[in-house]
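# Fold and contact review
What follows is each chain in one-letter form.
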Amino acid sequence: MNKAKRATFGSKMGVVLASAGSAVGLGNIWRFPYETGNNGGAAFILIYVACVIAMGMPVMISEFLIGRRARANVAGAYHRLAAGTPWHWVGLMGVLACFLILSYYSVVAGWTLEYIVEAVTNRFAGQTSAEFITSFDAFISNPWRPIIWLLLFLLATHLIIVKGVEKGIERSAKIMMPGLFVIILLLVVCSVMLPGAEAGVEFLLKPDFSKVTSGVFLSAMGQAFFSLSLGMGCLMTYASYFNKRVNLTKTAFSVGTIDTLVAILAGFIIFPAAFSVGIQPDQGPKLIFITLPNVFQQAFVGAPILSYVFAVLFYVLLAVASLTSTISMHEVITAYLHEEFKLTRRKAARIITGGAMVLGILCSLSWGLTSGFTVFGMNTFDLFDYVTAKIMLPMGALCVSVFAGWHLDRHIVRDELTNEGTLKHSFYRLFIFALKYLVPILIVAVFVNELGLFSF
Ligand code: PFF
């Protein structure tokens, strides 16, 4: 691959928004609330934020510096910086994780398209909470509808990917991200003002540590890596398109802050609303699809037009946030096939889109037709989610931190963090300490704790 011809993002703003676009998505608005609901609320959030700060930030900065230095796809990056060693297997694991996540994530992204249609045709009007639950269950177990939406969603991702880095990825993120933020803030206000919303606010703010079981640590850690798009080389691939002037530490702090803020705000939309209509917080993946239609109905009882506009806007923005994330997963694999196997981007993208469609269909059917097929009590969809978020991403993150902390030449690390000595880096020592000891020990401890060999 010719280094000089490699694409780059056009501006610093584009860099932050594209990276935040990858990070912010269903992970924040769909997965974070249901993990919080399943794991007891405020205590989970505290552990989650600790994971973001102690593990997420050092790993994100490492992915950035490895990616920008190598200027290659995730497997190629390890080839370049550690030629002749087995490190490229870590890159390959990242490519595989991205492919699995892309497949099941697109199923949920497809659900958001169905909900756009529901909102546009005003089908939420007059339904009760019980009816929202039954119609959602009927929809996801239908063998056709979710699959059609899944295919359309993957097609949209494909079309942006073939347009390339600057015109496709950067431009779409610049338009979509600010809109999403504004609508989220408005919805928080609506949700906390619903009658009975206080119980939801309390659930989010008052930690009850008696609910913290061993699995909570693994869930919080997995969620942190998933939400920050870490551990599978996604931000590493994006960083390979950063130019030499981008301040990596600052960019990582901006992306981490935006991502965490959006997740917590999503909690403030979902839980006050759920408690207000008597929906239990531990509903799993269906949580946002059954609580939010209620919010739109009840927040503006006297002004149905506002209910309508908010519902449409919200699902459009949710679909868009999912799209900026699926684009980033697709890009990891496209860049890999394009650079390592010399396929054209178009051809590489076609192979990935086709493959993700097949796996996505399997995941989608596991909510209906094949729901009886389970492994360790999980259907295919849950299994993909568990294996990626709770095993592959933490292992990928562990490898990234060991690679940057122990293997990479210290001059490379320093040059990348300080942009060849032109920037100050006050936490350099702390950063190296975190990579060498803190992150690996914490990740291993969470795994060992989960296996029951040791308990926090
Ligand atoms: N971070 C994304 C989200 O929170 O929705 C999900 C994600 C994006 C996971 C990119 C993995 C990835 F490579």
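Look above for the structure.
Rules used throughout
Residues numbered from 1 in each chain as written. Predicted model: local features only at pLDDT ≥ 70, side-chain atom pairs only at ≥ 80, totals over all residues. Heavy atoms only, no water. Near = heavy atom within 4 Å. Polar contact = N/O pair within 3.5 Å; in protein donor to acceptor, adjacent residues only side chain to side chain. Areas by Shrake-Rupley, 256 points an atom, 1.4 Å probe, with all protein chains shown as cover. 1 Å grid on protein atoms, 1.4 Å probe; cavity = no way out; pocket = protein on both sides within 12 Å on 5 of 7 lines; lining within 4 Å. Sits in = over half its atoms within 2 Å of the grid points. Helix = DSSP H or I, 4+ residues; strand = E, 2+ residues; numbered from the N terminus. Nonpolar A, V, L, I, M, F, W, Y, C, P; charged D, E, K, R; others polar. Buried < 20%, exposed > 50% of the residue type's maximum accessible area, 1.4 Å probe, protein only. Contact = heavy atoms within 4.5 Å. Axes fitted to C-alpha atoms, helices over the stretch in contact; angles between N-to-C directions. Parallel < 35°, antiparallel > 145°, perpendicular 65-115°, else oblique. Left-handed = near helix turned anticlockwise from the far one by under 90°. Salt bridge = Lys/Arg side-chain N within 4 Å of Asp/Glu carboxyl O. Phe/Tyr/Trp six-rings, centres within 6.5 Å; stacked < 30°, edge-to-face > 60°. Lys NZ or Arg CZ within 6 Å of the ring centre and 35° of its normal. Points joined across faces, edges and corners; volume = space filled by probe spheres on them.

Let us look at the site of the ligand. Around the ligand, a shell composed of 16 residues is seen, among which A23, G27, Y105, F226 and S229 lie nearest. Contact between the ligand and S229: a nitrogen atom at 3.0 Å from a side-chain N or O atom of the residue. The fraction of the free accessible surface of the ligand (330 Å²) that becomes covered by protein chains is 100%. One can see that the ligand is located within the largest cavity. Elements with a minimum of two residues in the shell around the ligand: α1 (12-23), α2 (26-38), α5 (88-120), α10 (214-227) and α14 (304-340). Of the residues contributing to the shell around the ligand, the split by class is eight nonpolar, eight polar and no charged.

This brings us to the environment of R69. Looking at the element boundaries, R69 is found in helix α3 (residues 42-70). Judged by relative accessible area, which is 27%, R69 ranks as partly exposed. Note: C-alpha distance between R69 and M236 (167 residues apart in sequence) is 9.8 Å. Apart from the residues within four sequence positions on either side, R69 is in contact with L81, I412, D415, E416 and E420.

A few words now on the packing of α2 against α3. Where α2 contacts α3, the two axes come as close as 8 Å, and the packing angle between them is 125 degrees. One element, α2, and the other, α3, form an angle in the oblique class. Crossing hand, α2 versus α3: right-handed. Along the contact surface, α2 presents F32, E35 and T36, while α3 presents F44, I45 and Y48.

For the coordinates displayed, the defined rule picks out eleven salt bridges. For E416, the salt bridge is made with R68, and the minimal N-O distance between the two is 2.7 Å. One end of the pair, E416, is in helix α17 (residues 410-418); the other, R68, is in helix α3, and 348 residues separate them in sequence. Under the relative-accessibility criterion, E416 is labelled buried at 1%. Among the salt bridges present, the one from K211 reaches D208, with a minimum N-O distance of 3.4 Å. Take D208: its relative accessible area is 30%, and that puts it in the partly exposed class.

Turning to the packing of aromatic side chains, a few remarks are in order. Tallied over the entire structure, the rule returns 30 aromatic pairs. Consider the rings of W111 and W367, whose centres lie 5.9 Å apart with planes at 70 degrees: the pair is edge-to-face. Of this pair, W111 sits in helix α5 while W367 sits in the loop between α15 (345-365) and α16 (380-407), and the two are 256 residues apart along the sequence. Residue classification places W111 among the buried residues on the basis of a relative accessible area of 1%. Relative to Y315, the ring of F314 lies with its centre 5.3 Å away and its plane at 80 degrees, an arrangement referred to as edge-to-face. According to the relative accessible area criterion, F314 is buried, its value standing at 2%. Since its relative accessible area comes to 0%, Y315 is described here as buried. Its end group placed over the ring of Y428, R414 keeps NZ or CZ at 4.0 Å from the ring centre.

It is worth spelling out the layout of surface pockets at this point. The computed volume of the largest pocket comes to approximately 340 Å³. If you go around the largest pocket, you meet 19 residues; those closest to its centre are I53, M57, P58, F253 and L430. Elements supplying a minimum of two residues to the lining of the largest pocket: α3, α12 (248-276) and α18 (428-450). Of all the elements, α3 adds the most residues to the lining of the largest pocket, at seven residues. Classifying every residue of the lining of the largest pocket gives 14 nonpolar, five polar and no charged. Quantified by volume, the second largest pocket comes out at close to 220 Å³. Residue lining of the second largest pocket: 14 residues in total, with Y34, E35, D382, D385 and K390 positioned closest to the centre. At the level of secondary structure, the elements contributing two or more residues to the lining of the second largest pocket comprise α2 and α16.

Geometric descriptors of this kind do not, in isolation, establish any biological role.
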